[in-house]
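# Overview (structure and organization)
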Amino acid sequence: MSLQGKHILIGISAGIAAYKIPFLVRLLKKSGAEVQIIMTPSSLGFVTPLTLSTLSQRPVLIEPFNQETGQWNSHVELSLWADAMIIAPATANTMAKMVTGITDNLLLATYLSARSQVFIAPTMDLDMYQHPVTQENIGKLRKMGHILLEPNTGELASGLEGAGRMQEPEEIFQVLNDFFEKKKSLSHLKILISAGPTFEKIDPVRFIGNHSTGKMGISLCKVFANLDAEVQLISGPGVPEINHQRIKQTKVTTADDMLRECEKHFPSSDITIMAAAIADFKPKNISDKKIKKGNNPPVIELIPTPDVLFNLGKQKKEHQLLIGFALETDQEMEHAKQKLERKNLDFIVLNSLRDSGSGFGFDTNQITIIDKNGSTKVFPLKSKDMVANDILDHALEMFQKKLVV
Ligand code: CTP
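Residues numbered from 1 in each chain as written. Predicted model: local features only at pLDDT ≥ 70, side-chain atom pairs only at ≥ 80, totals over all residues. Heavy atoms only, no water.

It is worth spelling out the overall build of the protein at this point. Tallying secondary structure elements over the protein gives 13 helices and 23 strands in all. Reported as C-alpha extents along the three principal axes, the dimensions of the protein are approximately 85 × 55 × 45 Å. Considering the protein as a whole, with its 405 residues, one finds that 50% of them fall into the buried category. At a minimum sequence separation of 6, the contacts of the protein that also span at least 24 residues come to 66%. (Helix = DSSP H or I, 4+ residues; strand = E, 2+ residues; numbered from the N terminus. Buried < 20%, exposed > 50% of the residue type's maximum accessible area, 1.4 Å probe, protein only. Contact = heavy atoms within 4.5 Å.)

Pasting the structure below:
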């Protein structure tokens, strides 16, 4: 394990678990990382800056401005320096301030300017941790894309038993190490992702569309891009503009546009994920004038649109990974397996509209991953960002196996 040359910013807030941070600093330094520590003023009673600066070989920063030396500690420079920022221990108070954007100390100002991945290791007493406000704040921090290191369960400093113990330095070190390992293997990969609905024109005012919002596809783009992969997003109508250095976005309207753009980028793509809800039919003829009510309702003849995934499946090369989604309402497994085979996919992500919390517009999703080798993995209901992480892990594992074979 090596974190040679990585810049790790550790933010310490006032929890008793701060006494474990010197051990984390030692592990990081031993593996070659540079460590900069920022402490909140109220954390100073839990561990001494002298211990931390000795181990990190850098002065510990506490205030934005040091009255004695006249030194200005720029939160912007600190955040630009960091390859990763970890807030450990993260108290309920610090997390509440992070959620609301309060910047009344150097740690919080640096957090708000953070450009790198942020890790948060909460620690507190059982009841504080279980309080709905704390849980809501943790949910919001997760939604912002931060990685939460679930506290362990056990004896707490108060004498109570339960969840609230900060993860051990070895566990935190492992999480950071896994993150940089994943980043290393993704930074040279090209990912093609489609998201959102497609619209097919009936006349100048009407179209055939569907309820897709593109949330799942956007979550996928972000988890890959945050790990440095080069992402090309092809998005349908209504999908918001994504502002991310590693994501290029092309907007399309119809299934034919989607096919054209996907075929353009597919040959150079390593991993392709079709999360778009593409219309299966389009009107045979588009009326150039608004269709009037008249006496009889019009009969609109429909013809099939191209199946983008099927076409990509035919062009797929041995080293490429092709992933589809299946949204089903009945005989889910059977239908999904048929699609997996017919479209020549490596795996298919099944979500059923029968599962509550899954489907269009929800922030959560419950998925089952079915592999071409027949194995099936059922995941619990999770936020779409966490689902995207599960899909990324599965895709990466399969992609690396392809390289080895
Ligand atoms: N898909 C596609 N082109 C289409 C329709 C679907 O590329 N014209 C892709 C979707 O992006 C998804 C997968 O195929 O990844 C399955 O989509 P789904 O709508 O579940 O299945 P269909 O193949 O359209 O079959 P049906 O509607 O009959 O269930």
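Now that the structure has been shown, the text picks up again.
Pairing in this open sheet of five strands is parallel, and the strands run β2-β1-β5-β6-β7 from one edge to the other. Every interior strand has two partners, whereas the edge strands, β2 (34-39) and β7 (147-148), have only one. Relative to β2, strand β1 (residues 7-12) runs parallel, the two sharing six bridges. The residue bridging Leu-9 from the neighbouring strand is Gln-36, located in β2. Contacting β1 and β2, helix α2 (residues 49-56) crosses the sheet at an angle of about 165° to β2. Relative to the sheet, helix α4 (residues 92-100) contacts β5 (84-90) and β6 (117-122), its axis offset from that of β5 by approximately 135°. (Pairing = 2+ DSSP bridges. Axes fitted to C-alpha atoms, helices over the stretch in contact; angles between N-to-C directions.)

Right, let's talk about the environment of Asp-127 for a bit. You can see Asp-127 is positioned in helix α6 (residues 126-130). Separated by 36 residues in the primary sequence, Asp-127 and Ala-163 place their C-alpha atoms 9.1 Å from one another.

Here we take up the site of the ligand. Met-274, Ala-276, Leu-309, Lys-339 and Lys-343 are the nearest of the 16 residues found near the ligand. Within the backbone of Phe-325, an N or O atom sits 2.9 Å from an oxygen atom of the ligand. If the ligand stood free it would expose 570 Å²; the protein chains cover 78% of that surface. Secondary-structure elements contributing two or more residues to the shell around the ligand are α11 (308-315) and β18 (321-328). A total of four residues in the shell around the ligand trace back to one element, the largest contributor, which is β18. Along the lines of polarity and charge, the residues of the shell around the ligand split into 10 nonpolar, two polar and four charged. (Near = heavy atom within 4 Å. Polar contact = N/O pair within 3.5 Å; in protein donor to acceptor, adjacent residues only side chain to side chain. Areas by Shrake-Rupley, 256 points an atom, 1.4 Å probe, with all protein chains shown as cover. Nonpolar A, V, L, I, M, F, W, Y, C, P; charged D, E, K, R; others polar.)

Evaluated as defined, the whole model comprises 22 salt bridges. Note that Arg-142 is salt-bridged to Glu-150, the shortest N-O span being 2.3 Å. Under the relative-accessibility criterion, Glu-150 is labelled partly exposed at 40%. Of the charged contacts in the structure, one is a salt bridge between Asp-393 and Lys-182, with a shortest N-O distance of 2.7 Å. Of this pair, Asp-393 sits in helix α13 (residues 384-404) while Lys-182 sits in helix α8 (residues 169-186); the two residues are 211 residues apart in sequence, bridging distant segments of the chain. Using a relative accessible area of 34% as the deciding quantity, one classes Asp-393 as partly exposed. A relative accessible area of 22% places Lys-182 in the partly exposed class. (Salt bridge = Lys/Arg side-chain N within 4 Å of Asp/Glu carboxyl O.)

This part takes up the packing of α8 against α13. Taken N-terminus to C-terminus, the directions of α8 and α13 make an angle of 60°; their axes are 12 Å apart at the nearest point. Considered as vectors, α8 and α13 are oriented oblique to each other. Seen from above, α8 lies across α13 with left-handed handedness. Note on element contacts: α13 touches α8 through Asn-389, Leu-392, Asp-393, Leu-396 and Gln-400, opposite Lys-182, Ser-185 and Leu-186. Counted by class, the contact of α8 with α13 contains three nonpolar, three polar and two charged residues. (Parallel < 35°, antiparallel > 145°, perpendicular 65-115°, else oblique. Left-handed = near helix turned anticlockwise from the far one by under 90°.)

A few words on a nonpolar patch on the surface. The grouping of Ile-16, Tyr-19, Phe-23 and Phe-46 at the surface amounts to a nonpolar patch, some 410 Å² of accessible area in total. With respect to the element layout, Ile-16 can be found in the loop between β1 and α1 (21-30). (Patch = residues over 30% accessible without salt bridge, like charges linked within 9 Å, V, L, I, M, F, W, Y side chains within 5 Å.)

By domain assignment, the protein separates into domain 1 (7-183) and domain 2 (187-404). With six residues of domain 1 at the interface, the matching set in domain 2 holds 11 residues. Together, Lys-143, Lys-182 and Lys-183 form the three largest contributors to the area buried by domain 1 at its contact with domain 2, with a combined 71%. Taken together, the connections running from domain 1 to domain 2 amount to two salt bridges. Counting the contacts that link domain 1 with domain 2 gives two residue pairs in polar contact (both at pLDDT 80 or more). (Domains from an automatic or database assignment. Buried area = accessible area lost by both parts, 1.4 Å probe.)

The next subject is the nonpolar core. Formed by 68 residues in total, the largest nonpolar core has its most connected members in Ile-10, Leu-28, Leu-220, Phe-224, Ile-271 and Ile-391. Considering each element in turn, this core owes the most residues, eight residues, to α13. Counting residues domain by domain, this core receives three or more from each of domain 1 (7-183) and domain 2 (187-404). Setting aside anything within four residues of it in sequence, one finds Leu-28 in contact with Leu-3, Ile-8, Ile-10, Ala-33, Val-35, Phe-173 and Leu-176. (Core = buried A, V, L, I, M, F, W, Y, C linked by side-chain atoms within 4.5 Å.)

Bringing unusual backbone geometry into the picture now. Between Ala-88 and the following residue, Pro-89, the backbone shows a cis peptide bond with an omega angle of -5°. As for its placement among the helices and strands, Pro-89 is situated in strand β5. Although it is not a glycine, Gln-57 sits at a positive phi angle of roughly 60°. On the secondary structure map, Gln-57 appears in the loop between α2 and β3 (65-66). What makes Gln-57 exposed here is its relative accessible area of 62%. One non-glycine residue, Gln-331, adopts positive backbone phi at about 40°. Along the chain, Gln-331 falls in the loop between β18 and α12 (332-342). In this structure Gln-331 comes out as partly exposed when scored by relative accessible area, which is 44%.

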